[in-house]
Amino acid sequence: MTVTVRAALANWHISTSAHSEFLIFALLMQSVKKEIVMSGIRPTGFLHLGNYFGALRNFVRMQDEYPCFFMLADLHSLTTHPDTSQLKTNIHRVLAEHLACGLDPDKSALYCQSHVYETSELYLYLSTLSMVGELEKTPTFKDKVRQHPQNVNAGLLTYPVLQAADILLHRAKLVPVGKDQEQHLEMARNIVVRFHHRYSEVFPEPVAFNYGGELIKVPSLDGAGKMSKSENQYATLYLSDPDDLIRKKVMKAKTDTGPTAPNSPKPDYIENLFLLMKLVSAPDTLQKFEEDYNACTIRYGDMKKQLAEDMVRFIAPIREKAEAIQQDTEYLKKVMIQGAEKARSSAQATMKVVREAMGLNYY
Ligand code: TYM
């Protein structure tokens, strides 16, 4: 779509910068009532397969269809990773991984959360509409308290409020995320309803989005829970993993001696292997192993070898591209500055409306 806008502008002999093209695109999209898209990923480590299939894959498709704001959530990462010595490396790597996966900084706003100062202002206002009792009950808060009992900081409690601020700052409606973020989206909607009740209607009610409809949860290789940046790194496949490590991780995935009766239901850890195969292998490969499973002739060693090779084929080009982009720090800086400019224009326009709606305009 941005390509069409660019072509039209060229036709009218209007020369534009990438920034103004994006703003014109965003305005045009708003005028035809296209929803705004916003999402974020924490730079607490390098990206993994869950981040790709839960979020990034949709980002890449959505950038051609909607005005999009995609953010590296560095402020969120401070709630669990107060040591910032690795932050710059992680930001560079994760940004490079976004670009390697196909995000185009000319099509969407690709920026760092801490570069958009308006976020903190909206976060404060929204915190007055957030109930402590509700925040304490959030499953992610309870998990974090369990994992880091020595660092139960207030930022951890108000994590969903900061996430709501990220989304509402751009008046976004569609939020491409994985299944684990559903609860945060529900809290963002509660905040919107309270804002409208107390002040006036400013925001759309944001919803979690996935092209297939159902939100995705990419399972971990050990059959317990999901792939995650912080838990059990050996059961998570990273977009930065070298080929041999990918093979080792996949070959170590939990299996058993195989089904003993035709068409048996699959145990969770076997279902997970099939799910991973569905994400990266050809449909006829998946079908062959499904048939073998149902006929009780499946050899899990062969299945894992095939899956490992398909994973390598999927991950290696992204890893190599990201490694090359990561070296070009001047380019990354340019992308961050361009993204922050776009995000701040949008944030400033929203904050003007918010302050007026809240009665914070005295002259
Ligand atoms: P984060 O960094 O934990 O994850 C980033 C995105 O990856 C998805 N994801 C998964 N999807 C499927 N299977 C998995 N195993 C898996 N692991 C992670 C997440 O659902 C997410 O979409 N709070 C957010 C970051 C954030 C944000 C926002 C998101 C900050 N502000 C505003 C949306 C809108 C988070 O911790 O993501």
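Here the residue numbers are simple positions, counted from 1 along each chain's written sequence. Residues qualify for local features only when their pLDDT is at least 70, as the model is predicted, and side-chain atom pairs are given and counted only at 80 or more; totals for whole chains, interfaces and linings, by contrast, use all residues. As a rule here, side-chain values come from all non-hydrogen atoms in the structure, and water together with hydrogens is ignored.

**Thoughts on the packing of helix α5 (residues 87-100) against helix α15 (residues 300-327)**
For step 1, the next point in the chain: Each axis is a line fitted through C-alpha atoms, taken for helices only over the stretch in contact, and angles between the N-to-C directions span 0 to 180 degrees. Helix numbering and strand numbering both begin at the N terminus, where a helix is a DSSP run of H or I of at least 4 residues and a strand a DSSP run of E of at least 2. It is at 8 Å that the axes of α5 and α15 come closest, and there the two elements cross at 125°. Viewed along their axes, α5 and α15 adopt a mutual orientation that is oblique. Judged by the sense of rotation from one axis to the other, the crossing of α5 with α15 is right-handed. Counted together, T89, H92, R93, A96, E97, L99 and A100 of α5 and I318, R319, K321, A322, E323, I325 and Q326 of α15 form the full contact between these two elements.
For step 2, the next point in the chain: Residue type decides the class: Asp, Glu, Lys and Arg count as charged, Ala, Val, Leu, Ile, Met, Phe, Trp, Tyr, Cys and Pro as nonpolar, and the leftover types, Gly among them, as polar. When grouped by side-chain class, the residues that make up the contact of α5 with α15 number 6 nonpolar, 3 polar and 5 charged. The cut-offs work like this: below 35 degrees is roughly parallel, past 145 is roughly antiparallel, 65 to 115 is roughly perpendicular, and the gaps in between are oblique. If you view the pair so one helix is near and one far, a crossing is left-handed when the near helix is turned anticlockwise from the far one by less than a right angle, and right-handed when it is turned clockwise. Contacts between residues were defined by any pair of non-hydrogen atoms, one from each residue, lying within 4.5 Å.

**Examining unusual backbone geometry**
For step 1, the next point in the chain: Its identity is not glycine, yet R171 carries a phi of approximately 50°, on the positive side.
For step 2, the next point in the chain: Of note in the backbone geometry, N263 takes a positive phi value of approximately 55° without being a glycine.
For step 3, the next point in the chain: Relative to the assigned elements, N263 resides in the loop between α12 (243-251) and α13 (268-280).

**A closer look at the domain arrangement of the chain**
For step 1, the next point in the chain: Boundary definitions for the domains trace back to an automatic or database domain assignment. Split by domain assignment, the chain resolves into domain 1 (3-217 + 328-358) and domain 2 (241-321).
For step 2, the next point in the chain: Of note, the centres of domain 1 and domain 2, computed from C-alpha atoms alone, are 33 Å apart.
For step 3, the next point in the chain: Across the contact, 6 residues belong to domain 1 and 9 residues belong to domain 2.
For step 4, the next point in the chain: Put simply, buried area is the surface a 1.4 Å probe can reach on two separate parts but cannot reach once they are joined, added for both. The largest per-residue losses of area from domain 1 upon contact with domain 2 belong to L49, F53 and A100, which jointly make up 62% of the total buried on that side.
For step 5, the next point in the chain: Two N or O atoms form a polar contact when they lie within 3.5 Å of each other; inside protein one atom must be a possible hydrogen donor and the other a possible acceptor, and for residues adjacent in sequence the pair counts only when both atoms belong to side chains. Linking domain 1 with domain 2 are 0 residue pairs in polar contact (both at pLDDT 80 or more).
For step 6, the next point in the chain: Among the elements that line the side of domain 1 that touches domain 2, the one with the most residues is helix α3 (residues 49-62), at 3 residues.

**Description of the pattern of salt bridges**
Close approach of charged atoms lets side chains of opposite charge pair.
For step 1, the next point in the chain: Should a side-chain nitrogen of Lys or Arg be within 4 Å of a carboxyl oxygen of Asp or Glu, the pair is scored as a salt bridge. Tallying each qualifying case throughout the model produces 18 salt bridges.
For step 2, the next point in the chain: Residue K288 pairs with D292 through a salt bridge whose shortest N-O separation is 2.5 Å. One end of the pair, K288, and the other, D292, are both in helix α14 (residues 283-294), 4 residues apart, so they sit about a helical turn from each other.
For step 3, the next point in the chain: One network of salt bridges, in which partners are shared, links D243, R319 and E320.

**A closer look at the site of the ligand**
For step 1, the next point in the chain: One heavy atom within 4 Å of a molecule or strand is enough for the residue carrying it to be called near that molecule or strand. In the region of the ligand, 28 residues are neighbours, and Y159, D166, D180, V218 and K229 sit closest.
For step 2, the next point in the chain: Contact between the ligand and D180: an oxygen atom at 2.5 Å from a side-chain N or O atom of the residue.
For step 3, the next point in the chain: Separating an oxygen atom of the ligand from a side-chain N or O atom of K229 is a distance of 2.7 Å.
For step 4, the next point in the chain: Considering only residue class, the shell around the ligand consists of 12 nonpolar, 10 polar and 6 charged.

**Section: a nonpolar patch on the surface**
For step 1, the next point in the chain: Only residues whose relative accessible area exceeds 30% and that take part in no salt bridge are eligible for patches, with like-charged residues grouped when within 9 Å of each other and nonpolar side chains (Val, Leu, Ile, Met, Phe, Trp, Tyr) grouped when within 5 Å. With residues, only the protein chains shown are counted as cover, and all accessible areas are computed by Shrake-Rupley using a 1.4 Å probe. Residues L360, Y362 and Y363 make up a contiguous nonpolar surface patch of about 490 Å² in total accessible area.
For step 2, the next point in the chain: Note on placement: Y363 falls in the segment after α16 (329-357).
For step 3, the next point in the chain: Under the scheme applied here, a residue whose accessible area is under 20% of the maximum for its type counts as buried, over 50% as exposed, and between as partly exposed, the area being computed with a 1.4 Å probe on protein chains only. Accessibility expressed as a relative area gives 94% for Y363, which makes it exposed.

**Things to note about the packing of helix α10 (residues 159-168) against helix α11 (residues 182-198)**
For step 1, the next point in the chain: Across the interface, α10 lies against α11 with an axial gap of 9 Å and an inter-helix angle of 70°. On the basis of their axis angle, the class for α10 and α11 is roughly perpendicular. Facing α10, whose interface residues are Y159, P160, V161, Q163, A164, I167 and L168, α11 presents H184, L185, M187, A188, I191 and V192.
For step 2, the next point in the chain: Considered class by class, the residues forming the contact of α10 with α11 number 11 nonpolar, 2 polar and no charged.

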